[in-house]
There are 2 protein chains.
Amino acid sequence: MKKPAADIETEDTVVSVNDRTLRSFHGYQMKRTFNVIQSDLSRTLKPLELRMLTYTALVLIVDNPGLRQSQLAEAMDIERPNLVVIVDELERRGLVLRDRLPNDRRAYALKATAAGQDLCKQALSVVTAHEAALLKGVSPDEKAVALKVLQAIEANRQRDR
Amino acid sequence: MKKPAADIETEDTVVSVNDRTLRSFHGYQMKRTFNVIQSDLSRTLKPLELRMLTYTALVLIVDNPGLRQSQLAEAMDIERPNLVVIVDELERRGLVLRDRLPNDRRAYALKATAAGQDLCKQALSVVTAHEAALLKGVSPDEKAVALKVLQAIEANRQRDR
DNA sequence: TATTGTTATACTCTATAACTATA
DNA sequence: TATAGTTATAGAGTATAACAATA
């Protein structure tokens, strides 16, 4: 069983890593937490044969029919080339369709099939339950503040300098 | 220039992705935010030839001399095999040493060299400045709540089920 | 037997350049 | 020329099994 990083106990010493330096290094906690979310969510979605990326893409397509791939990539904050294989996978499984836009034959209008909508609904329910479990003991107010901080960090992103 | 995911504007439509489903999917925002931290931090550390993982390992070794590799891996929440190459890199650059423990010849006691301590100090200062920039507009209270939430998520981790 | 560090390996995610077809 | 999607590719992070040395 793993122990929290704050104090690592060994048979004869206690190594405190939660000191001056790392207390101020939020990236450290962010990474640990993201690891937890990523691995727990992967396990949660595994029975549905979805990963975090394919799940996110599916939800976005279901909720935004007609979305272009480049819009979807932007919404997911990934590069367009990396989205191609994700949409490929969803399309191969019959969950989404690539329709051509009538007015711009370069782009696709992404749409979920009935199967895709169905799987999305199932996935949504297990993910919601999973997140509720992870956020147990956290009040709605605290959740809201945390989300606001995450969004602030994203807004403060330093671009291309 | 990228736009926020909440509303994706195109020439003739506005696709809202910030709806019922994704508002409740915190992993989505976590991932976006972690991407920002990861890529910004990589750029910040690049002049020092450090990455997030090598930086974290170096800080932990500097602050916890004598740490074993398995303890360090646990503190960083990564698997032991993945830590080996990280310590290899730091050792090759003369930043840390692998001393043998006298009472357990299987394990190493990790220690930072003078050069390692020096680089750690430099890295710490650029990372601190970088985090301050990312957290601009966020109050200390909000920061504290966010950190608490992250730690709660980690504590609620679902293991091996 | 169990643990520390290691090797090898596979999979996923990320990032960039260059191509095609359309605009 | 610019944009949408694609291909190819490289790099980084993560996870597991199996091994040697030591406990």
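Residues numbered from 1 in each chain as written. Chains lettered and ligands numbered in written order. Predicted model: local features only at pLDDT ≥ 70, side-chain atom pairs only at ≥ 80, totals over all residues. Heavy atoms only, no water.

As named in an unreviewed UniProt entry, chain A is MarR family transcriptional regulator, taken from Roseibium porphyridii.

Please set out the nonpolar core residue by residue, giving values where relevant.
Within the largest apolar cluster, 89 residues are counted, with the highest numbers of intra-cluster contacts made by Leu72(A) and Leu72(B). For Leu72(B), the residues in contact, after removing those within four places along its chain, are Ala57(B), Leu60(B), Ile61(B), Leu67(B), Leu83(B), Val87(B) and Leu110(B). (Core = buried A, V, L, I, M, F, W, Y, C linked by side-chain atoms within 4.5 Å. Buried < 20%, exposed > 50% of the residue type's maximum accessible area, 1.4 Å probe, protein only. Contact = heavy atoms within 4.5 Å.)

Tell me about the protein's contact with DNA strand C, residues and numbers included.
If you check the shell around DNA strand C, you find 21 residues, and the closest are Arg51(A), Asn82(A), Lys31(B), Gln69(B) and Ser70(B). Among the atoms of DNA strand C close to the protein, meaning within 4 Å, 60% are from sugar or phosphate groups. Tyr108(B) has a polar backbone atom sitting 3.1 Å from a phosphate oxygen of DNA strand C. Mapped by element, the contributors of at least two residues to the surface near DNA strand C are helix H5 (80-92) of chain A together with helix H2 (26-45), helix H4 (69-76) and helix H5 (80-92) of chain B. A total of three residues in the surface near DNA strand C trace back to one element, the largest contributor, which is H5(B). Tallied by class, the residues present in the surface near DNA strand C amount to seven nonpolar, four polar and 10 charged. (Near = heavy atom within 4 Å. Polar contact = N/O pair within 3.5 Å; in protein donor to acceptor, adjacent residues only side chain to side chain. Helix = DSSP H or I, 4+ residues; strand = E, 2+ residues; numbered from the N terminus. Nonpolar A, V, L, I, M, F, W, Y, C, P; charged D, E, K, R; others polar.)

Residues and numbers for the protein's contact with DNA strand D, please.
Contacts to DNA strand D come from 22 residues, most closely from Lys31(A), Gln69(A), Ser70(A), Arg106(A) and Asn82(B). Across the atoms of DNA strand D situated within 4 Å of the protein, the share located in sugar and phosphate is 62%. Within the side chain of Lys31(A), a nitrogen or oxygen atom sits 2.8 Å from a phosphate oxygen of DNA strand D. Gln69(A) has a polar side-chain atom sitting 2.7 Å from a phosphate oxygen of DNA strand D. For the surface near DNA strand D, the secondary-structure elements that each account for two or more residues are helix H2 (26-45), helix H4 (69-76) and H5 of chain A together with H5 of chain B. In terms of residue class, the surface near DNA strand D is made up of seven nonpolar, five polar and 10 charged.

Could you give an account of the packing of aromatic side chains, naming the residues involved and the relevant values?
Inspection of the entire model under this criterion finds one aromatic pair over all chains. Ring geometry for Phe34(A) and Phe34(B): centres 4.9 Å apart, planes at 20°, overall stacked. Of the two residues, Phe34(A) sits in helix H2 while Phe34(B) sits in helix H2, which places them in two different chains. (Phe/Tyr/Trp six-rings, centres within 6.5 Å; stacked < 30°, edge-to-face > 60°.)

Outline unusual backbone geometry, listing residues and values.
The residue Glu49(A) is not glycine, and still its phi comes out positive at about 55°. In this structure Glu49(A) comes out as exposed when scored by relative accessible area, which is 60%.

Which residues make up the environment of Lys143(B), and what values go with them?
If you trace the backbone, Lys143(B) turns up in helix H7 (residues 140-155). Apart from the residues within four sequence positions on either side, Lys143(B) is in contact with His26(A), Leu135(B) and Val138(B).

Got a sec to walk through the pattern of salt bridges? Specific residues and values, please.
One pass over the structure, following the stated rule, counts 20 salt bridges over all chains. Across the pair Glu142(B) and Lys148(A) runs a salt bridge, and its minimum N-O distance is 2.9 Å. Taken together, the residues span two chains, with Glu142(B) in helix H7 and Lys148(A) in helix H7 (residues 140-155). Take Glu142(B): its relative accessible area is 18%, and that puts it in the buried class. Where Arg157(B) meets Asp77(B), a salt bridge forms, and the shortest distance between an N and an O atom there is 3.5 Å. Of this pair, Arg157(B) sits in the segment after H7 while Asp77(B) sits in the loop between H4 and H5, and the two are 80 residues apart along the sequence. For Arg157(B), a relative accessible area of 18% translates into the label buried. (Salt bridge = Lys/Arg side-chain N within 4 Å of Asp/Glu carboxyl O.)

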